[in-house]
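What the coordinates show
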Amino acid sequence: MTVPKLALSENSDTAVGKTRADVVVIGTLQGEDGLELAAGAEVADAAFDGKLTEVLGTLGASGKAEEIVKLPTLGKLPAGIVLAVGLGKQNDGEVTAEQVRRAAGAAARALSGTERAFVTLSALDLQAAAEGIALGAYVFTEYRSEKGEAPLAKADLVNPAEGTAREHKATLKTATIVAESVIITRDLINTPPNDLFPASFADRAGKLAEANSLDFEVLDEKALKRKGFGGILGVGGGSSRQPRLLRVGWKPAKPRKKVALVGKGITFDSGGISLKPPANMDHMTSDMSGAAAVLASVVLAAKLKLPVEVTAHIPLAENLPSGTAYRPGDVLTMYGGKTVEVLNTDAEGRIVLADAIVRAAEENPDYLIETSTLTGAQVVALGNRIAGVMGSDEFRDRVAAHMQATGEGGWAMPLPDELRADLDSRLADIANVTGARWAGMLVAGVFLREFVADGLPWVHLDIAGPSFNTGAPWGYTGKGGTGVPVRTIAAVLTDIAEQG
Ligand code: BES
Ligand code: MN
Ligand code: ZN
C-alpha cells in the first residue's frame, strides 16, 4: 500500500486556499486550566476571530490525547472543516515527538475518505507529524472485494518556525523514506501465510533489492544442505514449502562501519510437532515480522544513502508438523558445527536465528542487530507495546535509548549467566529450551548469545508483542503488522553513520 503524498506549505489562510485542502488539522492541549490550542493553530483561530478555544470547548473538547473534534468552517476558511486532535498534557512544558506522531496518526485515521488535509501539527515537529500522518493513513485492503473509504491521499504540512526551507525539505524526505520502510514491513506481515511463504518472501525481497540496487543472494534448500545450515533445514523440513536464507546488502562507496542485521522469518508458526493450541494460532502469520523489518531497513539505508554498510541475513521457514517434520528429541548440527538438542519444536525461532547469526559473523561486522517475534514470555513480561532489548551491555543500552526516543518502546533486559546451565543438553552442546518456565524471554536471549561471535557488540530485540497489533487501532498504529522496530533500526543506523 502507498504513503500519502506529503508536501510543505506556509501556514496562512491563503496557503490553505492554494493547497485546496478539504480539512485543516490543528492540535489541542490539556492545559493547567483546561483546553488550549497548540502552536500552528493560529491561522484557524484567527479565522474564528480568536474564539476557536471557546467554540471547541462548547463542543466538549478537552485536548486529551487522540481526542478528535470536527467543526464546519462555514466559509471562515477555504477548507470546509477544522479537525482538532488532542495532544494530551505537556511534559515539562514541552510536547514530545511521540505525542505529535500519535496525534497526527489519530487525525490521519479520522480523515479516511478525505482527499487532502492541511496539517499544522508540523509546527511542533515536522518529522513526527509527517511520520504520524503517513503511518496513520495506512490501511491494508489487498484481500477485500470492497475497499471502503480511500485513505487520506495528500497532506500539506506547515513549515516549522525554526530551520531553513532546505532543512525542512530534507526532513520531509527522510520522514517519507522512514514511513515507506515501515509500510513495506506492514504489508509483508499483513500478507497471509498461504501467499507469503519462504520462496514468495524471497521473490518479493528480490524485487525490492532490484528496485533499490541492493546485493541479493538466495540459498534454496539444496544450497542450505550443501553448506550445512542444519538449523534452518530442521525447522523448515515439515513444510512442502522449503526454507530459504537471504542475504540483502547495501554497500556505500566509503562505509564508516559495517552493520549486520538478522530477522526471524517464520512465515507461519504452528509449533510443529509440539503443536500450539488453536486459540489465536492465526496470529502466527506475523512470525516473520523481524525478517520483514530488517529487509525494509536495508532498503531504508540505501534510500537514505547512509555511509554504513548494512547487510540483512534472513532465515525463512514454515514451522509445520508432518511426516518430514523435525521431532522433539532430534539433534541438529547447526551452521558452524554446534549441535542443538530439540526439546520443543515450537522454540524454532532461536534455531533458525542461530544459523543466520553465525553466517552474519563471517563477514566481520562492527555491530549485529537481531530482531524476532521470539517468545510469548516477552508479552508476559512487557506487554504488547514494549519490546525486550537484550545483548552486549553498551550496545544494548544505546539501542534501547533509541527505541524509547522513536516511540517504538523498548526496555533493556539482562542476560543472566546462570540461565545457561538450564540449557545443558543430555546429548548435544545445548538444548533449545529449559525444563522451567521462568524468564523465558531471557533464556531465549542466552541461547542466541551462544552463537554470537566473541567481542561483537550485539542486540536482540524480542518484538513478539509490539510487532503485531491484535487490539484496536491507536495513534499511528492500525490493526495487524506495526512495523516495529524499523524506526529504531533507522535511528541506530543513522547514529552509527554519525558517531561510528
Ligand atoms: N513465535 C513464537 C513466539 C510468539 C508468541 C510470538 C506470541 C508472538 C506472540 C515462538 O516461536 C514460540 O512459539 N515460542 C515459545 C517458546 C517456548 C516453547 C520455550 C513460546 O513463547 O511459547
Ligand atoms: Mn514457535
Ligand atoms: Zn515462532
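Residue numbers restart at each chain and count upward from 1, following the sequence in its written direction. Whichever chain is written first becomes A and whichever ligand is written first becomes 1, with later ones labelled in order. pLDDT decides what is reported in this predicted model: residues at 70 or higher carry local features, side-chain atom pairs at 80 or more are listed and counted, and totals for whole chains, interfaces and linings draw on all residues regardless. No hydrogens and no water enter the side-chain calculation; it runs on all heavy atoms of the structure.

Here the manganese ion (ligand 2) is held by the protein donor atoms Asp269 (OD), Asp346 (O), Asp346 (OD) and Glu348 (OE), which lie 2.1 to 2.2 Å from it. Coordinating N, O and S atoms are those within 2.8 Å of the metal (3.2 Å for Na, K and Ca), and as water is not part of the atoms, a site may appear to have fewer donors than expected. Four donors are marked tetrahedral only if all angles between them lie between 85 and 135 degrees, whereas four are marked square planar and six octahedral if opposite donors are more than 155 degrees apart and the other angles lie between 65 and 115; the remainder are marked irregular. Coordination at the manganese ion (ligand 2) is irregular: its six donor atoms span angles of 70 to 168 degrees at the metal. For the manganese ion (ligand 2), the donor residues sit on a single chain with the sequence spacing D-x76-D-x1-E. A spacing of 3.1 Å is found between the manganese ion (ligand 2) and the zinc ion (ligand 3), which share aspartate 269 as a donor. Within this pair, whereas aspartate 269 is found in strand 11 (residues 265–269), its partner glutamate 348 is found in the loop between strand 14 (339–341) and helix 11 (349–361), the two being separated by 79 residues in sequence. In this structure, aspartate 269 and glutamate 348 share a single accessibility class: buried. Numbering of helices and strands starts at the N terminus; helices are DSSP runs of H or I of at least 4 residues and strands are runs of E of at least 2. A simple rule labels every residue: compare its accessible area, found with a 1.4 Å probe on the protein chains alone, to the largest value its type can have, and call it buried under 20%, exposed over 50%, or partly exposed in between.

Further remarks concern the packing of helix 6 (residues 165–190) against helix 10 (residues 289–303). The angle between two axes is taken between their N-to-C directions and runs from 0 to 180 degrees, where each axis is a line fitted to C-alpha atoms and a helix contributes only its stretch in contact. It is the contact of helix 6 with helix 10, at a shortest axis distance of 9 Å, that shows an interaxial angle of 155 degrees. Comparing their axes, helix 10 and helix 6 come out roughly antiparallel. Relative to helix 10, helix 6 is oriented so that their crossing is right-handed. Residues Ile177, Val178, Glu180, Ser181, Ile184, Thr185, Leu188 and Ile189 of helix 6 form the contact with helix 10, whose participating residues are Ser289, Ala292, Ala293, Leu295, Ala296, Val299, Leu300 and Lys303. Grouping the constituent residues of the contact of helix 6 with helix 10 by class yields eleven nonpolar, three polar and two charged. Roughly parallel means an angle under 35 degrees; roughly antiparallel means over 145; roughly perpendicular covers 65 to 115; every other angle is labelled oblique. In this scheme the handedness of a crossing depends on how the near helix is turned from the far one: anticlockwise by less than a right angle means left-handed, clockwise means right-handed. Any two residues whose heavy atoms approach within 4.5 Å at even a single point are treated as in contact. Gly is placed with the polar residues, together with every amino acid not listed as nonpolar (Ala, Val, Leu, Ile, Met, Phe, Trp, Tyr, Cys and Pro) or charged (Asp, Glu, Lys and Arg).

It is worth spelling out the domain arrangement of the protein chain at this point. By convention here, the domain bounds are inherited from an automatic or database domain assignment. On domain assignment, one finds that the protein chain holds domain 1 (5–160) and domain 2 (183–499). For domain 1 and domain 2, the distance between their C-alpha centroids amounts to 37 Å. Listed as interface residues are 15 residues of domain 1 and, on the opposing side, 14 residues of domain 2. Across the interface of domain 1 and domain 2, roughly 1300 Å² is buried in total on both sides, 59% from carbon and sulfur atoms. Together, Leu135, Tyr138 and Tyr143 form the three largest contributors to the area buried by domain 1 at its contact with domain 2, with a combined 43%. Any carboxyl oxygen of Asp or Glu that lies within 4 Å of a side-chain nitrogen of Lys or Arg is treated as forming a salt bridge with it. Our count for the contact surface shared by domain 1 and domain 2 stands at one salt bridge. Polar contact is the term for a pair of N or O atoms within 3.5 Å; when the atoms are in protein, one must be able to donate a hydrogen and the other to accept it, and sequence-neighboring residues count only if both atoms are side-chain atoms. Across the domain 1-domain 2 interface, the total number found is nine residue pairs in polar contact (both at pLDDT 80 or more). Going through the elements one at a time, helix 4 (97–110) and helix 5 (126–136) are the ones with two or more residues in the side of domain 1 that touches domain 2. Counting residues per element, the side of domain 1 that touches domain 2 draws most heavily on helix 4, at six residues. Across the side of domain 1 that touches domain 2, the residue classes tally to six nonpolar, three polar and six charged. Summed over both partners, the accessible area (1.4 Å probe) lost when two parts come together is defined as the buried area.

When a metal holds four donors in a tetrahedron, each ideal angle between them is 109.5 degrees; when it holds six in an octahedron, the ideal angles are 90 or 180 degrees. Looking at the metal site, the zinc ion (ligand 3) is ligated by Lys264 (NZ), Asp269 (OD), Asp287 (OD) and Glu348 (OE), spaced 2.0 to 2.4 Å from it. Taken together, the six donor atoms coordinating the zinc ion (ligand 3) span angles of 78 to 172 degrees at the metal, a pattern that classifies the geometry as octahedral. Taken in sequence order, the residues that donate to the zinc ion (ligand 3) follow the motif K-x4-D-x17-D-x60-E.

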